[in-house]
Amino acid sequence: TVQNFQAFSHEIPMNNASFDAVCCAQSFHWFANIESLQEISRILKPNAYLVLVWNQRDISVDLINALAQYISQFEGNTPRFHHYTWKTVFENQQLFKQKEEASFKQIHRGTVEDVVSKRLLSTSFIAAMPQEQQQLLKLQFEKIVYEFTGLLSHDTIDFPYVTHVFAFHNILAE
């Protein structure tokens, strides 16, 4: 049975030891604190896992790196996966031990407007900007893509990503 609910990561309205796994996709960097780890540990069954997943633009590709460098000037102190500050919560705690880490490459295919511009505009610190500023950024994103590829906003592009997966085992069950 699937249940949908909203809750704070440190106040999850579920019974103790009720889940085989907790998966946080594209989100853990927003609540990487000991209170959240304690709460996740509380709702996990013995021998259960906390799995963290992030899809990141593949900055090993020149175009993607240029776009990443361009938007980095706007991120300020926004929590982000690639800063790895989220990992510090796992230091000096006795709840979870990292068991696995894996990365997988993938391609997102679509128009430049859909898979580059709209996706970059949905980045938290950009989505919070005024519409006028977002439209200027959209033009800049598409200019960068054109400079690297010769593709226009309506052209199809293969946009590379790397999916990062981290699996943590709850130590209390060992």
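A brief look at the structure comes next. Keep in mind the model is a prediction, meaning the values are calculated, not measured. (Residues numbered from 1 in each chain as written. Predicted model: local features only at pLDDT ≥ 70, side-chain atom pairs only at ≥ 80, totals over all residues. Heavy atoms only, no water.)

**A word on the packing of helix α3 (residues 112–121) against helix α5 (residues 131–149)**
Between α3 and α5, the shortest axis-to-axis distance is 10 Å and the interhelical angle comes to 135 degrees. Here α3 is positioned oblique relative to α5, judged by the angle of their axes. Two packed elements cross with a definite hand, and for α3 against α5 that hand is right-handed. Residues Val 112, Glu 113, Val 116, Ser 117, Leu 120 and Leu 121 of α3 touch α5, and the partners they reach there are Gln 134, Leu 137, Lys 138, Phe 141, Glu 142 and Val 145. Of the residues belonging to the contact of α3 with α5, the class tally is seven nonpolar, two polar and three charged. (Axes fitted to C-alpha atoms, helices over the stretch in contact; angles between N-to-C directions. Helix = DSSP H or I, 4+ residues; strand = E, 2+ residues; numbered from the N terminus. Parallel < 35°, antiparallel > 145°, perpendicular 65-115°, else oblique. Left-handed = near helix turned anticlockwise from the far one by under 90°. Contact = heavy atoms within 4.5 Å. Nonpolar A, V, L, I, M, F, W, Y, C, P; charged D, E, K, R; others polar.)

**Examining the pattern of salt bridges**
Throughout the structure, instances matching the rule amount to 10 salt bridges. A salt bridge links Asp 58 to Lys 105; its shortest N-O distance comes to 3.0 Å. Pair noted here: Asp 58 is in the loop between β2 (44–57) and α2 (62–72) and Lys 105 is in strand β3 (residues 96–111), with a separation of 47 residues, a long-range link. Among the residues examined, Lys 105 registers a relative accessible area of 62% and is labelled exposed. Residue Glu 142 pairs with Lys 138 through a salt bridge whose shortest N-O separation is 2.7 Å. Of this pair, Glu 142 and Lys 138 both sit in helix α5, separated by four residues, roughly a single helical turn. Each of the salt bridges in this network shares a partner with another, and the network as a whole consists of Glu 113, Lys 138 and Glu 142. (Salt bridge = Lys/Arg side-chain N within 4 Å of Asp/Glu carboxyl O. Buried < 20%, exposed > 50% of the residue type's maximum accessible area, 1.4 Å probe, protein only.)

**A few points about the packing of aromatic side chains**
Inspection of every chain in the model, using the stated rule, returns 15 aromatic pairs. The interplanar angle of 35 degrees and the centroid separation of 4.5 Å between the aromatic rings of Trp 54 and Trp 86 together place this pair among those described as tilted. Of this pair, Trp 54 sits in strand β2 while Trp 86 sits in the loop between α2 and β3, and the two are 32 residues apart along the sequence. Among the residues examined, Trp 54 registers a relative accessible area of 0% and is labelled buried. With relative accessibility at 1%, the residue Trp 86 sits in the buried group. Through a chain of ring-to-ring contacts, the aromatic side chains of Phe 28, Phe 31, Trp 54, Phe 81, Tyr 84, Trp 86, Phe 90, Phe 166 and Phe 168 assemble into a single cluster. (Phe/Tyr/Trp six-rings, centres within 6.5 Å; stacked < 30°, edge-to-face > 60°.)

Interpretation in functional terms is not warranted from these geometric data alone.
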